Amino acid sequence: MSHLKQITSFKPSYAPSIITKWRSSRTGLQLLLVEQERATVEGYFAVATEIEDDSGCPHTLEHLIFMGSKKHPYKGLLDTLGNRAFSNTNAWTATDSTVYTLTTAGWEGFRLLLPVYLDHLINPTLTDSACYTEVYHIDGDANEKGVVFSEMQAVENEAEEIAGLRARKILYPASSGYSSETGGLMGALRVLTNDRIRQFYHALYRPDNLCIIVVGTVEKNELIETIAKFDDELPTLDEANPSHRPFVDTESVPVLVNRVIESVEFPDKDESSGHVLISLLGPSILDEVTNTALHCLFMYLTDSDVSLFRKAFVEIENPLCTEILSYTDDFKNVGYNLWFQNVPTEKLENLPGQIFKVLLDHVERSEFDLRQMQDVIERERLQFTLSAERYPSTFANVGIQDFLYGSIDGKDLHTAKQLTEYEAIREYGIQDWESLIRKWVLNPAHVLILARPSAKLASDIRKDAKLQLTKRRQELGKEGLQKLASRLKIAQDENETKIPDELLFSFPAPDPAKVKFIQSVTAKAGLALNEGTVKNEIQDIISKDNGEKFPLYLQVEHVKSNFASISIIVSTLPVPQDLLPYLSLFLQNFFSTPIVLDDGIEISYEEVVKQLKRDTISDQYSSGFEGEFEELLTFELQFVPGNYKQAIDWFQKLIWHVKFDVKRLQVAVDKALLAIPSLKRDGSVVTGSALRRLLFTPRSAKRALDDLENEQVWRQLGTDLKNRPEFVIDRLVSVRDHLFAAGNLRILVTADVHQISNPVSSWHAIVKSATGASSSSSSALLAALTPVPRSSVNVNKGLSGTAYLLTVPSTESSFATLVAHGFTDFKHADIPALAVATAYLEAVEGPFWRGIRGNGYAYGANLSRSIESGMNQFRVYRGADVSKAISKAKQIVNDYGDGKIEFEPLLIDSAISTIVGALAEADNSYYAAASRKYLQESIKLLGANSTGKFLASIRTVTGSQLQAVANKYLKPLFDHQTATVFLACNPVKINELKQEFVQLGFNVVIDPFGVIEDDGNESGSGSEEEEEEEDDDDDDGSEESYDEYSDDD
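Residues numbered from 1 in each chain as written. Predicted model: local features only at pLDDT ≥ 70, side-chain atom pairs only at ≥ 80, totals over all residues. Heavy atoms only, no water.

**Section: the layout of surface pockets**
Quantified by volume, the second largest pocket comes out at close to 940 Å³. As for the second largest pocket, its lining consists of 35 residues, of which Asn143, Ala465, Leu469, Arg472 and Lys989 are closest to the centre. Elements with a contribution of two residues or more to the lining of the second largest pocket: α5 (147-155), α17 (455-495), α31 (882-898) and α36 (990-999). Looking at the lining of the second largest pocket residue by residue, the classes come out as 12 nonpolar, nine polar and 14 charged. (1 Å grid on protein atoms, 1.4 Å probe; cavity = no way out; pocket = protein on both sides within 12 Å on 5 of 7 lines; lining within 4 Å. Points joined across faces, edges and corners; volume = space filled by probe spheres on them. Helix = DSSP H or I, 4+ residues; strand = E, 2+ residues; numbered from the N terminus. Nonpolar A, V, L, I, M, F, W, Y, C, P; charged D, E, K, R; others polar.)

**Some details on the side chain of threonine 838**
Secondary-structure assignment places threonine 838 in helix α29 (residues 831-842). A polar side-chain atom of threonine 838 sits 2.9 Å from the main-chain carbonyl oxygen of leucine 834. Setting aside residues no more than four positions away along its own chain, threonine 838 makes contact with Leu863 and Arg865. (Polar contact = N/O pair within 3.5 Å; in protein donor to acceptor, adjacent residues only side chain to side chain. Contact = heavy atoms within 4.5 Å.)

**Focus on unusual backbone geometry**
If you check the backbone angles, glutamate 626 has positive phi at about 55 degrees while not being a glycine. When its relative accessible area of 42% is taken as the criterion, glutamate 626 is described as partly exposed. Positive phi outside glycine occurs at aspartate 1007, with the angle close to 60 degrees. Mapped onto the fold, aspartate 1007 is located in the loop between β28 (1003-1006) and α37 (1024-1033). (Buried < 20%, exposed > 50% of the residue type's maximum accessible area, 1.4 Å probe, protein only.)

**Description of the sheet that holds strand β10 (residues 260-267)**
Each strand in a sheet pairs with another by means of backbone hydrogen bonds, the pair being arranged parallel or else antiparallel. Pairing is mixed across the open sheet formed by five strands, whose spatial order is β10-β14-β11-β13-β12. Edge strands, defined here as strands with exactly one partner in the open sheet, are β10 and β12 (323-329). The sheet shows a mean angle of 20 degrees between the axes of neighbouring strands, taken without regard to direction. When β10 meets strand β14 (residues 447-454), the two strands line up parallel, connected through eight bridges. By the bridge assignment, serine 263 is partnered in β14 with leucine 450. The strands that helix α12 (residues 351-364) touches are β11 (273-284), β13 (333-344) and β14; relative to β11, the one it contacts most, it runs at about 45 degrees. (Pairing = 2+ DSSP bridges. Axes fitted to C-alpha atoms, helices over the stretch in contact; angles between N-to-C directions.)

**Description of the packing of α12 against helix α16 (residues 430-442)**
Orientation of α12 relative to α16, taken along the N-to-C sense of each, is 155 degrees, at an axis distance of 10 Å. Between α12 and α16, the interaxial angle falls into the category roughly antiparallel. Considering how the two elements wind past one another, α12 and α16 form a crossing that is left-handed. Seen from α12, the contacting residues are Phe356, Leu359, Leu360, Val363 and Glu364; seen from α16, they are Glu434, Ile437, Arg438, Val441 and Leu442. Tallied by class, the residues present in the contact of α12 with α16 amount to seven nonpolar, no polar and three charged. (Parallel < 35°, antiparallel > 145°, perpendicular 65-115°, else oblique. Left-handed = near helix turned anticlockwise from the far one by under 90°.)

**Brief notes about the sheet that holds strand β6 (residues 97-105)**
Pairing is mixed in the open sheet, where seven strands are placed in the order β1-β2-β3-β9-β4-β6-β5. Two strands bound the open sheet, and with one partner strand each, they are β1 (4-10) and β5 (87-93). In this sheet, adjacent strand axes meet at a mean angle of 15 degrees when their direction is disregarded. The sheet strands contacting helix α9 (residues 220-232) are β1, β2 (18-24), β3 (30-35) and β9 (210-216), and the helix crosses β3 at an angle near 165 degrees. Contacts from helix α32 (residues 905-922) reach β4 (40-48), β5 and β6 within the one sheet, and its direction differs from that of β6 by about 105 degrees.

**What to know about the environment of leucine 983**
Note that leucine 983 resides in strand β27 (residues 980-985). Residue leucine 983 is classed as buried on the basis of its relative accessible area of 0%. When the C-alpha positions of leucine 983 and arginine 875 are compared, they lie 9.6 Å apart, and in sequence the two are 108 residues distant. Those residues in contact with leucine 983, other than ones at most four positions away along the chain, are Tyr804, Leu805, Leu806, Phe815, Ala816, Val882, Leu993 and Phe997.

**Here we look at the nonpolar core**
By size, the foremost hydrophobic cluster in this structure holds 88 residues, and its most contacted members are Leu297, Phe309, Phe340, Met373 and Trp433. The element contributing the most residues to this core is helix α10 (residues 288-302), with eight residues. Counting 81 residues, the second-largest nonpolar core is a separate cluster that includes Leu748, Tyr926, Leu983 and Ile1006. (Core = buried A, V, L, I, M, F, W, Y, C linked by side-chain atoms within 4.5 Å.)

**Structural notes on the pattern of salt bridges**
Applying the stated rule across the entire model yields 61 salt bridges. For glutamate 262, the salt bridge goes to arginine 166, with nearest N and O atoms at 2.7 Å. Taken together, the residues span a long stretch of sequence, with glutamate 262 in strand β10 and arginine 166 in helix α6 (residues 159-171) at a distance of 96 residues. Taking relative accessible area as the criterion, glutamate 262 reaches 25% and is therefore assigned partly exposed. In this structure, arginine 724 engages aspartate 720 in a salt bridge whose closest nitrogen and oxygen atoms are separated by 3.3 Å. (Salt bridge = Lys/Arg side-chain N within 4 Å of Asp/Glu carboxyl O.)

**Considering the packing of α32 against helix α34 (residues 946-954)**
The N-to-C vectors of α32 and α34 enclose an angle of 165 degrees; their axes lie 10 Å apart at closest approach. Our classification of the angle between α32 and α34 gives roughly antiparallel. Crossing of α32 over α34 shows left-handed handedness. In this structure, α32 contributes Ile912, Ile915, Val916 and Leu919 to the contact, and α34 contributes Thr947, Phe950, Leu951 and Ile954. Its residues assigned to classes, the contact of α32 with α34 shows seven nonpolar, one polar and no charged.

**Here's the deal with the packing of aromatic side chains**
Taken as a whole and judged by the stated rule, the model has 42 aromatic pairs. Judged by centre distance (6.1 Å) and plane angle (35 degrees), the rings of tyrosine 14 and phenylalanine 395 are tilted. Of this pair, tyrosine 14 sits in the loop between β1 and β2 while phenylalanine 395 sits in helix α14 (residues 392-405), placing them 381 residues apart in sequence. A residue is classified by how much of its surface remains accessible, and tyrosine 14, at 9% relative accessible area, is buried. In this structure phenylalanine 395 comes out as buried when scored by relative accessible area, which is 2%. Taking 5.5 Å as the distance between ring centres and 40 degrees as the angle between the ring planes, the aromatic pair formed by tyrosine 201 and tyrosine 205 counts as tilted. By relative accessible area, which is 7% here, tyrosine 205 ends up buried. Put simply, the rings of Phe586, Phe590, Phe591, Phe635, Trp656, Phe660 and Phe740 touch in pairs and so form one group of aromatic residues. Stacked on the ring of phenylalanine 356, the Lys or Arg arginine 259 has its end atom at 4.9 Å from the ring centre. One Lys or Arg, arginine 724, reaches over the ring of phenylalanine 727 and ends 3.7 Å from the middle of that ring. (Phe/Tyr/Trp six-rings, centres within 6.5 Å; stacked < 30°, edge-to-face > 60°. Lys NZ or Arg CZ within 6 Å of the ring centre and 35° of its normal.)

Okay, structure coming up:
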């Protein structure tokens, strides 16, 4: 008999879902099911984790959970099974909770893994050897290592981390879990013991403190049966002596009495700009109406170029900051935060007073714009509804919040049923909003943190790192270091106990045929018909609306959705090279510009922004499409289907009725220049920028759009706007005319076609502006469409053999990317084998994971292939010992390529399953599936059912094919004759890394862009020859930037 008792069930009125919650009457275990039509099933297993110190117990325990359970005492079993079951696992540690995730293509694999995963949560092994390797240790060279330590080392000295933690420690007393750094400060991680972690585990990892959340299409009875069986194995809840409920049963935090202003420092050689953080406490998290009102208020203040704070501090000549971000800490009482980014250092002291004066004046002068607030409320409601439709995490987060702070009888969960809070605040009048501002923003005490860059601190950290390394080596001596190396080896051997094959095979692999991918229905009009005709009901609708005579390119992806989007995709190929430096300014201005109508009436940029936001849900531009083909530009509007014609009209106005206003352009230039120092503090940004600037020619748009590449361009634009503005405006008009020529437009509409009127003929105004034709059904179709440009044609060919070393003083971690040339044919015969080989090597608990992350060399390492640019890449993310990470990867690739290690059939199957899971996750909503379908079939020209054909091809890959592609494509990534290295690190590591890469045969160039200020310990390059090469390389370009490595954290 199941002890799971249903406590609530309902259908949200705004999203196609059913939400049901159960609670075990015996153990207190909670289960929440969100039934939605998706290709994947996603699990979120939440534990409330309250701690009063900075030891990092919650975070370290998050890592150790994956090291094995008492039923399955094998490191990596969970992930190895996940690889076989089309799944991936992950986790995150927040201030008030730790959440473990499981994403699986289809229900079958999820059902297989769920009991194994839950056993890891409730019965982890927590061995000393796992703690030693995973949390913190010193290796045989006296270097500090550990996966958790490496992760926190990368972020501890970032401005956002320093300011945010300090604000929380002021807002909350030391006894509050909200004041703790749950990730662990480095000093605390160095002394954290496994016994302390076990103590924390026993206190918090209990059945009544665990909520299992499942989102997707599942067999409900099977899910309940699986959880009920798990529940039966758990200890009975002692209702006579109820356990402490984290945070809820903790004494409330005393309210801050006075305003507190403090300055903090973060390391950086560039002291030109810092940041300001404002933090304050709001109402109870259960007060949905007030919190929704405050959320909308902060959006009113910050979310657009016409919001109060942005108009006062950002959208001005000589901006006082470049961005204002509003975010919340969703604790027992919600914390509200405003982050003013890139404030000129000399303005830091005065900015807080100006902020509150602007707000106070706004209230006292009765300037509150009720119409604008009504627009904000509706836009926020629609954005939440859109999010609930597209992203499984939306309702999962609702469930996590309810588990942490809501009533255990489920009554608070019902606030997600109707979104009545938006209706309630829509009735607020001006006085209500003014009262809200006075009560929660102006009157209560708050915390102000001024984050200042410090070159001295950067130097001190650097010197201290050298000093501590020398000190450790002296104190430990040769014998002590040998003992540490031996201890590490013993711990690693204990962790790496081989998982018995019979255990793996005892878990049947799911049937890939049962994975249901989301499908959209394609229809075409105009030039899109040249790619091939289609026959379906939607095509009939398009054809009847003069689709065959439409003189532009239009493709429609019909989906089940209450929302619609239009993307206009253009090639940068027609833009002459001398105009490419103007692209960034053109894009910055696109959605925030004055316009002039046909009758001569000018609409200010403020009114444009307000009206655009009123008619749409979001507006954005991007380089490329779906993260690829970065010589394209994409302009997108999302909206409700009833506003289809308005969205088209907005594109027509923004493109052909734009007025390039000198003041608006100057503001864009000033903001861009003010943001440069903060970009140089990010190792990923610095490495990605170097790739684009050095691997690609000046003809490349992806290089022309690089923020750091444009530093001097922005300065020149600023000068030109002052001295010859007509020259700049003429260039921008020319950019517009080249980009939006009729033959250069690809229009993609994603919508439920039944919900929009006149899907083709509504484009009449665009046709007229682009072609001069008086009708949207002109029979004279354009003769040709501009081909999709390829980044590969703009790649520099002569950079192999060079290692470029760059410095980032604000981080102690290293970031590296190794690049080698690959193929550029999307139908190349080696694609299936290379895809499987990549998935095999970088799999969770795969060769790279165990060899690099397992040894503490880096937080993450992975491979990628860009057929579009003809580049293969190996990346090291948050490296603690980046040279060893690279050396280990080289050894692994060589061993597989040379046949010293064979590709195992079981792990080949797992790699294939990983690819299946990744594709299902990529297509996890109708919008995402439609976008990727367009990418595959119409941009890559792979034809219909390209995903199905690819999945069939990878199932036939053999071990010998994997060995062949490892030799042909992966070995060159680590060969000094064929690879190019881009590496960003703390300056203290530069000389050591230079020597190591010279020994590997690379020509080393330090500081290829001349940004290092020599302090006597570094040189600008490795030799005079290298200095000459730097000059030659100034005109070369680079590969794309990349997303952060993501895995179990």
